[in-house]
Amino acid sequence: MKKSLLACVALLSLFQLNAAEQAPIRISTSETDLIFTVAPNGRLYQTYFGKRLLNESDVTNFLAYQQGGTDGSNSARGWEAYPGSGAEDYYEPAFAVTHNDGNLETILSFVSFETKKIDNNVTETVFYLKDKVYPVEVTLHYVAFNKENIIKTWSEIKHKEKKPVTIWRYASAMLYFESSRYFLTEFSGDWAKEAGMSTQQLQFGKKVIDTKLGSRAGMHVSPFFELGLDGVPAENEGTVLLGTIGWTGNFQFTFEVDNTGNLRVISGINPYASAYELKTDEVFTTPEFIFTLSDEGKGKASRNIHDWAREYQLKDGKGDRYTLLNNWEATGFRFDEPKLEKLMKEAKELGVDLFLLDDGWFANKYPRANDRAGLGDWDVTKEKLPNGVPHLVKAAKDAGVKFGIWIEPEMVNPKSELFEQHPDWAIRQPNRDTYYYRNQLVLDLSNPKVQDYVFSVVDNLMKENPDLAYFKWDCNSPITNIYSPYLKDKQNQLYIDHVRGVYNVFNKVKQKYPNLPMMLCSGGGARSDYEALKYFTEFWCSDNTNPVERLYIQWGFSQFFPTKAMAAHVTSMNKQASIKFRTDVAMMCKLGFDLSLEELNEKELEFCQGAVANYNRLKKTILDGDFYRLVSPYESNHTAVSHVAKDQKKAVVYAYDINPRYGEKLLPVKLQGLEPTKTYKVEEINQMSGASIRFRGGKTYTGNYTGDYLMKVGLPIFTTQQIASRILEITQQ
Ligand code: DGJ
């Protein structure tokens, strides 16, 4: 693998021309062109970002300053690829530095660029920029994934000034748009109400979406957005940009409409409280900003990102996933060996692959009997589990399932031996009262010793229990009381160095245990970003497992993540919803259960067993197929989605009636992604009573239909029942 990469890099074409000779530089995917041009002033400008151009000759038609309203001098205002602070552009800069002499201005000139063919699908373009007055250099990277129509971009900053400089703006990317109107969809919420979607029109001035949570990107708002050009982002039509940043900490998106009605979008780490001291020759690498531009609406854009994620980003993106039984909702902290052994047998009875032991199994001096003590002390609680983790792994094996375990290694309760021994390992103020979030503190991952300790939590468990098959890695607190005893007078670097420390640990774990599946969790779905997901196979979307709420939460996350990466468990939250409805909602994602079988009657248990068997049979389509959002819960009293296998031979359709009105007009659901000329057999699966839904005239809808009919006419699969659902299996004949 490495060898072929080196060979490709050796084939790179290196261009070094002076600005006047430089032809426009084109970054292309199968559907998009992003074109840069060097202007007569020697600086780099974005001249086009849109649908891919057909003719190479058209690419040269762009003038570097055509978008900028030039005044005839050698200044070209606006659309500069990476504008520094203090020059003639009067809007938010992408980059700002205080030079050694206190000067705040930086103007970056184009030096050269190179294109590297990474493989037949992936091309990287690198721009080298330099200030002519101060020895500051910026390198811009754009990696284009042709088939998936994804571009990811980041920058590297370094300098050769005598003393360290302070950088206080360091965007990953700056993009410009020219359109009549701009509509932004953001994903805001809170704990247990993640990824709620709302859309607003952008007018002159700035709209900023950012977080200051330190240990995670999200919670109040997720690190991704949708941008509708000319209209509100729609599912199947219109030009839409989907953008997301791979950073597990404070992020910032700035949307600024300028005096000419153009939109500038700056994405990067949130510079809040983070003016960064950069030493001579040190390289500051920004996180990756990942985006796709679709002119077939956000449905297509989501599928682009899903494909890219499975192929390139997600840990084991192409691999299988375990179904599981988790004990958190069923037992909370109240369990012992017999109770766990019983649940393991139930996992087997249910037919899932794995039993996942959650919070509450560790610490002795201050046992983890609730969330007020024990975090940091990762020895099994002897009194509760006298035979330790090895016994549990063996008990699971005897029951016929694998064993997984919960950890939260980046945190410490003040009531713990770890805190008693290393109070200086926690982020907290030295001279003020401490503020706690869930009674705990965040360990200072800017400190390499703390990184080693956090790594050892996984490593020790794995060394003791090589058969451990799964980890759920939680992170329940944002950083509170921001102060690092380790960084001393460099407190401005804590937010950034902490996240880099987290990645060091994730990376070490992945290096040593490359095949270990891991769920990323952060008090629900507060950690859902594509950098963390390099190290995790899936993430926990929300602690809100009420299936009605989940329909909205999953709809939100599905805009950016393949359902393979979205863990969803069947629980007892919302007893008004039948076990069928609860299961049908979890079935559209990575399926798990979090209840005791004692809560189910015989018929319900039989249903769940059948559902697990169906899920296993259809797993390939569900986890690796194309995802279509058919009817939005935001726009209807119902919702429907589907997975279609890549070869279009199989599809699974999910229909949910949420809160229909009496006598409401029910429209058929038009499917998508099928082959119009082929015939498909439609069957209902996951049935509880055996009765299938009928047309109003009493005729069953199960039967054979052409793909064309299913996509143009559709199936009448909604009803006026409250909280009801059905799943259809569709098979090409
Ligand atoms: C928060 C997670 O989201 C839950 O699933 C559970 O693991 C608890 N933490 C345990 O404390």
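Residues numbered from 1 in each chain as written. Predicted model: local features only at pLDDT ≥ 70, side-chain atom pairs only at ≥ 80, totals over all residues. Heavy atoms only, no water.

### Overview of the sheet that holds strand 36 (residues 724–732)
The pairing of strands in a sheet comes from backbone hydrogen bonds and takes either a parallel or an antiparallel form.
Move 1: Strand order across the open sheet formed by 6 strands is 31-32-33-36-34-35, with antiparallel pairing between neighbours. The open sheet has two edge strands, strand 31 (626–631) and strand 35 (703–706), and neither has a second partner. For this sheet, the mean angle separating the axes of adjacent strands, direction not counted, is 25 degrees.
Move 2: Bridge count between strand 34 (residues 679–685) and strand 35: 4 bridges; the pairing is antiparallel. Paired with Thr679 across the two strands is Thr706, which belongs to strand 35.
Move 3: Along the sheet, helix 11 (residues 579–586) contacts strand 33 (650–657), strand 34 and strand 36; its crossing angle with strand 36, the most-contacted strand, is approximately 50 degrees. (Pairing = 2+ DSSP bridges. Helix = DSSP H or I, 4+ residues; strand = E, 2+ residues; numbered from the N terminus. Axes fitted to C-alpha atoms, helices over the stretch in contact; angles between N-to-C directions. Contact = heavy atoms within 4.5 Å.)

### Digging into the state of the cysteines
Move 1: Enumeration according to the criterion identifies 0 disulfides in this entry.
Move 2: With no disulfide of its own, Cys541 lies closest to Cys589 among cysteine sulfurs, the gap being 5.6 Å.
Move 3: Classification of Cys541 as buried rests on a relative accessible area of 0%. (Disulfide = S-S within 2.5 Å. Buried < 20%, exposed > 50% of the residue type's maximum accessible area, 1.4 Å probe, protein only.)

### Points about the domain arrangement of the protein chain
Move 1: What the domain assignment reports for the protein chain is domain 1 (18–313), domain 2 (324–596) and domain 3 (629–732).
Move 2: Spacing between the C-alpha centres of domain 2 and domain 3 amounts to 36 Å.
Move 3: Contacts between the two partners involve 16 residues from domain 2 and, on the opposite side, 22 residues from domain 3.
Move 4: A combined buried area of about 1800 Å² lies between domain 2 and domain 3, and 68% of that area is made up of carbon and sulfur atoms.
Move 5: Linking domain 2 with domain 3 are 0 salt bridges.
Move 6: Inspection of the region where domain 2 meets domain 3 yields 9 residue pairs in polar contact (both at pLDDT 80 or more). (Domains from an automatic or database assignment. Buried area = accessible area lost by both parts, 1.4 Å probe. Salt bridge = Lys/Arg side-chain N within 4 Å of Asp/Glu carboxyl O. Polar contact = N/O pair within 3.5 Å; in protein donor to acceptor, adjacent residues only side chain to side chain.)

### A look at the site of the ligand
Move 1: Inspection of the region around the ligand gives 13 residues, with Asp358, Asp359, Lys472, Asp474 and Asp543 positioned closest.
Move 2: The contact in question runs from an oxygen atom of the ligand to an N or O atom on the side chain of Trp406, over 3.1 Å.
Move 3: One of the side-chain nitrogen or oxygen atoms of Lys472 is found 2.8 Å away from an oxygen atom of the ligand.
Move 4: Contact with the protein chains hides 98% of the accessible area of the ligand, taken as 290 Å² for the molecule alone.
Move 5: For the shell around the ligand, the residue count by class is 4 nonpolar, 3 polar and 6 charged. (Near = heavy atom within 4 Å. Areas by Shrake-Rupley, 256 points an atom, 1.4 Å probe, with all protein chains shown as cover. Nonpolar A, V, L, I, M, F, W, Y, C, P; charged D, E, K, R; others polar.)

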